[in-house]
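# Fold and contact review
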Amino acid sequence: MDDVLVRTLADIVKVGAPIVLAAIGETLTERGGVVNLALDGSLVLSALAAFVVGTSTSSVIVGTLAGISVGSLIALIVAACSIELRLSQVAVGFVLTLLCRDLALFLGIPYRNAQVFPTTFLPIPVLKDIPVIGAIFFNQDLFTYLSFIAVAVAWWWLFRTKAGLTLRAVGERPQAAFARGVNVNRIRYLYTALGGSLVGLGGAAYTLGVLPTWSDTGIAGNGWIALAIVIFGGWHPLRVAFGVYLVAGLRTIVTSIQAQVPPQVVELLNALPWLLMLLTLFLVSGPYLDRLMKVLPPRLHPPIRTLLRARPPSALGTVFEQEGRS
Amino acid sequence: MHVELRDITKTFGNLRANDALSLSFAEGRIYALLGENGAGKSTLMKILSGYQPPDSGHILIDGQVVTFETPADALRCGIGMLHQDPLDVPNLTVLDNFMLGRHEGLLPKRKAAREALEAHAARLGFHLDPFRYVDSLTIGERQQLEIVRLLSLGARLLILDEPTTGISAEQKHTLFSSLKRLAAQEGMTIILVSHKLEDVAALCEEVYVLRGGKLVGHRLMPTPIDELVTLMFGQSLPRPSRGAHSLGEEILCVESVSLTARRLTVRDLSLSVRSGEVIGLAGLDGSGQSDFLRACAGLQPINSGQILINGVSIRGKSYAELLRMGVAYAPSGRLEEGLIDGLTLAEHFALARDSGIWIKWREAVALAARQIAHYNIRGAPHSPVQTLSGGNQQRTLIALLPDNLRLLLLEDPTRGLDVESTAWVWQQLLARRDAGAAILFTSPDLDEIVTYSDRVLVFCEGRATLVTDLDNLTRNPAERLGELIGGRSL
């Protein structure tokens, strides 16, 4: 494979890392029935926090922790407003996302393009020498590796562990989970905070890895893309990751060819991922899936249904109340 | 395991759902908890299974007082509940549902769980495919899964809430024979919560009867069904004599209609209603009577047959068109469906009566004031409707009905009203009837149905039986209807 292609693919994986982290975080949160619509603003604010702390301490780790704290704090506000105050998750999330973004833009004025954070590549010995694969996946920075780990662990956790099963039940039918001895609201706090920390980690990945500086543009908007990809991905970590790389890939291609083609083509190509997502949603939610299921043996139904699902967790955005108690 | 409930009391607002109830359940016996809707059965069973704490009273297991914070606590003590709508997660597989709530570490042992599932199912004579999704199962199969799950978690007392609603006769047979085996061979205690007398007669050894939150009877089976019906519905007053009124032309004609209710299909329903007639629709909750009302209002599709109003088929007609034909529908959820939370009385009248683009506020307020005086509503034109009491909301709903009505379709028109408001509502409705309207209404209160109906349509298990000779019944008419509702044929 030629060098340009390998480098492009490596670049796609790197550019996609922050969105992968944010989208996986949101996937976990929404699987528990909470929608963290503050994702976009949260991403921008945690990116700023990570940059400021990271540059002043000259430590990637400390900066990243700052980003994670901001992300989980904002997510906890959404969870608390929903669980304790019974406010609409959508309303709170929406307002918070705008507030956080504007707050970040205001607080970030002194840091605008001030400096570039020195990124360190961490090639993984042995693995990096695998032809093609090694160059694409194993010659990256810390955040890119973390994004791979997040996808794999999220998938394993959701579908292979007892805790993941409990999480899915909480998002689907909290009353049934409660009847089985699950503390529904504690689970929701836990995974909203966890999802928020992944969003914060995604923010840190921008200012300490991908960009790697603070700028007004380049971060805001990606949170909305992550939210859309969670839906396209059917709340399945692998499909979500695929969606992110699809979008990141098309963007990279557009960036590299935009000098040679008319602007109309550039804009059309930019819109292509969304059209593909709509088409996919149409295919998996139409009657085609049912027809496919009829042909396949029952043993294969669970994995296929999980992978091709189009329906959100049934209890998404709702408040869980135990009847008869106040 | 011997379970005892001692002086259990639970109130919701002014309603005493359970009033100092004391019941005792011995090991290896099958009990029935009988009572009509609102008798307090569900509340009591929710208390016993840990969903709600009682206001006062105790639960004793083998003489020890226990308190449950959650249903999981109750299950740890051996008390499991099967809900009418099985409390499972439809979007997970049978195996996932079975594993959820089992006590194991982080990594579930799928193979062991699957073997346990199959072993327990086989013991009960159930067949469950572990890889099927629960939402593709029938209600009967979902019940079987829940029973298997509860037993595998060590339930020694099993509460079944209306388990035979929506399952096939064959599934009912399987269920009953495995329940009998569990009680006889394994010493399980079974409590069947039901208002179906046939099920009680077929399965149970002892019966507790609740009425109005109080324990009114404890009988050993077999007990004559008549006696149980009397206990359930009470000795009601004889039917008051009715002033003669003349019937006019046919208004509603229903020809062999089939329609799908929540869980069952009502088939072959035919009815002819004439001007000046009141038809009561009786039946257990969700037997199709509310769906039939909605179908007559054009709000719910019918599978086959036809509905004619004033000789015109209502197929394809919207509710707005029917309203212009003189049909009105009043749902039981006053604030949910009938009135608009947040709008004032004047706004309601403007919405209901004003046509055109601009609201004539002066006229709307004047109309509201007139109707408030006429219908004796306690409120002002500018009172938001949700601030009115239930009785005044119902008055508002009736005041909003257009004047020249031909057909009134009312879902539980006196729900939650006190005696005075109920009498007032019926006075208004009967005035409409005397003016030539036909009335169809549902009510969970059999006395109300017997008192005001000329004829009664009883909905039970997909059939609708017309009772025409209310006046000529030698026995207590409410008791006769109670039997029909409970599934005993004529």
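Predicted, not measured: the structure shown is a model, and the values here were computed from it.

Further remarks concern the overall build of chain A. In terms of helices and strands, chain A carries 14 helices and zero strands. Mapped in sequence order, the helices and strands of chain A form the string α-α-α-α-α-α-α-α-α-α-α-α-α-α. Seen through its principal axes, chain A has C-alpha atoms that stretch 60 × 50 × 45 Å. For chain A, the residues scored as buried account for 45% of the 326 residues in total.

When its secondary structure is counted, chain B shows 17 helices and 20 strands. Whereas a compact globule of 490 residues would reach a radius of gyration of roughly 23 Å, chain B reaches 25 Å, a difference of no more than 12%. By its C-alpha atoms, chain B is 70 × 55 × 45 Å across when sized along the principal axes. Out of the 490 residues belonging to chain B, those deemed buried represent 45%. Within chain B, counting contacts between residues at least 6 apart in sequence, those at least 24 apart form 70% of the total.

Frequently, the measure chosen for interface size is the accessible area that the parts lose on association. The domain architecture assigned to chain B consists of domain 1 (3-233), domain 2 (250-326 + 404-485) and domain 3 (346-401). If you average the C-alpha positions of domain 1 of chain B and of domain 3 of chain B, the two centres end up 47 Å apart.

Here the focus is the sheet that holds strand β15 (residues 312-313) of chain B. Residues and elements named next belong to chain B. Sheet architecture is open: four strands sit in the order β12-β11-β14-β15, paired in antiparallel fashion. At either margin of the open sheet sits one strand with a lone partner, and together these are β12 (265-274) and β15. The strands touched by helix α9 (residues 289-296) are β11 (250-260), β12 and β14 (304-309); relative to β11, the strand with the most contacts, the crossing angle is about 125°.

Right, let's get into the nonpolar core. Judged by nonpolar contacts, the single largest core of 220 residues is most densely connected at I190, L192 and L409 of chain B. Leaving out residues up to four positions away in the same chain, L409 of chain B has contacts with L293, C296, A297, V327, A328, Y329 and L440 of chain B.

Further remarks concern the interface of chain A and chain B. Opposite the 23 residues of chain A that make contact, chain B presents 25 residues. Elements supplying a minimum of two residues to the side of chain A that touches chain B: α7 (162-172), α8 (174-179) and α14 (301-307) of chain A. Take the side of chain A that touches chain B: its biggest share by element is seven residues, from α7 of chain A. Split into classes, the residues belonging to the side of chain A that touches chain B amount to seven nonpolar, seven polar and nine charged.

Residues and elements named next belong to chain B. By the element assignment, I449 lies in helix α16 (residues 446-452). Separated by 302 residues in the primary sequence, I449 and I147 place their C-alpha atoms 38 Å from one another. I449 has contacts with G280, A282, S443, V456 and L481, leaving out every residue within four places of it along the chain.

Right, let's talk about unusual backbone geometry for a bit. Along the chain, L211 of chain A connects to P212 of chain A via a cis peptide bond; the corresponding omega equals -25°. Mapped onto the elements, P212 of chain A comes out in the loop between α9 (184-210) and α10 (222-232). Look at the link from M221 of chain B to P222 of chain B: it is a cis peptide, with omega at 0°. Backbone geometry places V126 of chain A, a non-glycine residue, at a positive phi of 70°. Residue placement: V126 of chain A occurs in the loop between α4 (89-107) and α5 (133-137). Classification of V126 of chain A by C-beta neighbours within 10 Å gives exposed; the count is 9. A positive phi is found at D412 of chain B, a non-glycine position, where the angle reads about 40°. Locating D412 of chain B in the fold gives a position in the loop between β17 (407-411) and α15 (419-434). Residue classification places D412 of chain B among the buried residues on the basis of 22 C-beta atoms within 10 Å.

The buried fraction of α7 of chain A amounts to eight of the eleven residues, a majority that puts the element mostly inside the structure. Looking at α7 of chain A, one finds that the buried residues are L165, T166, L167, R168, A169, V170, G171 and E172 of chain A. Against the buried residues of α7 of chain A lie α1 (3-31), α6 (142-160), α8 and α9 of chain A together with α3 (94-99) of chain B.

Owing to its 3.6 residues per turn, the α-helix aligns residues three or four sequence positions apart on the same side. Look at helix α4 (residues 110-124) of chain B: 21 Å from first C-alpha to last across 15 residues, which is about the 21 Å you get at 1.5 Å a residue. One or two residues past the end of α4 of chain B sits G125 of chain B, with phi positive at roughly 80°.

With that settled, consider the packing of helix α12 (residues 345-353) of chain B against helix α13 (residues 361-374) of chain B. All names here are of chain B. Put simply, α12 and α13 touch, their axes get as near as 8 Å, and they point 105° apart. The pairing of α12 with α13 is recorded here as roughly perpendicular in orientation. Every residue of α13 that contacts α12 at L345, A346, F349, A350 and R353 is listed here: A364, V365, L367, A368, Q371 and I372. Residues belonging to the contact of α12 with α13 are distributed by class as follows: nine nonpolar, one polar and one charged.

Next up on the list: the sheet that holds β17 of chain B. Residue and element names in this part refer to chain B. Spatial strand order, β16-β17-β18-β13-β19-β20: six strands in an open sheet with mixed pairing. At either margin of the open sheet sits one strand with a lone partner, and together these are β16 (327-330) and β20 (463-467). Pairs of neighbouring strands in the sheet enclose a mean axial angle of 15°, with direction left out of account. As paired strands, β16 and β17 are joined by four bridges and run parallel to one another. The residue bridging V327 from the neighbouring strand is L407, located in β17.

This brings us to the environment of A364 of chain B. Locating A364 of chain B in the fold gives a position in helix α13. As a C-alpha pair, A364 of chain B and L466 of chain B span 102 residues in sequence and 43 Å in three-dimensional space.

Further remarks concern the packing of helix α3 (residues 60-83) of chain A against α9 of chain A. Put simply, α3 of chain A and α9 of chain A touch, their axes get as near as 6 Å, and they point 140° apart. Relative to α9 of chain A, the crossing made by α3 of chain A is right-handed.

Below, the discussion takes up the confidence of the model for chain B. With 93% of its residues at a pLDDT of 70 or more, chain B has an overall mean of 84. The ipTM value of the predicted complex is 0.85, and its pTM value is 0.77.

All names here are of chain B. A large share of strand β18 (residues 438-442) lies buried, amounting to five of its five residues. Neither face of β18 is left uncovered, since the one carrying A438, L440 and T442 and the one carrying I439 and F441 both have all their residues buried. The sheet contact formed by strand β13 (residues 278-283) and β18 spans four bridges and is parallel. Pairing of G280 across the sheet is with F441, part of β18. Bridge analysis of β17 against β18 gives five bridges, and the strand direction is parallel. Along β18, the bridge assignment pairs L408 with I439.

In this section: the pairing of strand β10 (residues 214-220) of chain B. Here is the key point about a regular strand: its side chains alternate between the two faces of the sheet. Residues and elements named next belong to chain B. Two strands pair when backbone bridges link them, and strand β9 (residues 206-211) and β10 are joined in this way by six bridges, in the antiparallel orientation. Residue pairing for β10: V207 is matched across the bridge by R219. Connecting β9 to the antiparallel partner β10 that follows it, the hairpin turn spans two residues, and G212 within it adopts a positive phi of roughly 55°.

Another aspect to go through is the environment of F441 of chain B. All names here are of chain B. With respect to the secondary-structure elements, F441 resides in strand β18. F441 sits in the buried class, given 24 other C-beta atoms within 10 Å. Between the C-alpha atoms of F441 and L247, which are 194 residues apart in sequence, the distance is 18 Å. The residues touching F441, leaving out its near neighbours within four places in the chain, are G280, L281, L410 and P413.

Basis of the calculations
- Residues numbered from 1 in each chain as written.
- Chains lettered and ligands numbered in written order.
- Predicted model: local features only at pLDDT ≥ 70, side-chain atom pairs only at ≥ 80, totals over all residues.
- Helix = DSSP H or I, 4+ residues; strand = E, 2+ residues; numbered from the N terminus.
- Buried ≥ 20, exposed ≤ 12 C-beta atoms within 10 Å, placed from the backbone.
- Rg over C-alpha atoms; globule rule 2.2 N^0.38 Å.
- Contact = placed C-beta atoms within 7 Å.
- Domains from an automatic or database assignment.
- Pairing = 2+ DSSP bridges.
- Axes fitted to C-alpha atoms, helices over the stretch in contact; angles between N-to-C directions.
- Core = buried A, V, L, I, M, F, W, Y, C linked by C-beta atoms within 7 Å.
- Nonpolar A, V, L, I, M, F, W, Y, C, P; charged D, E, K, R; others polar.
- Expected span 1.5 Å × (residues − 1).
- Parallel < 35°, antiparallel > 145°, perpendicular 65-115°, else oblique.
- Left-handed = near helix turned anticlockwise from the far one by under 90°.
- pLDDT = per-residue confidence, 0-100.

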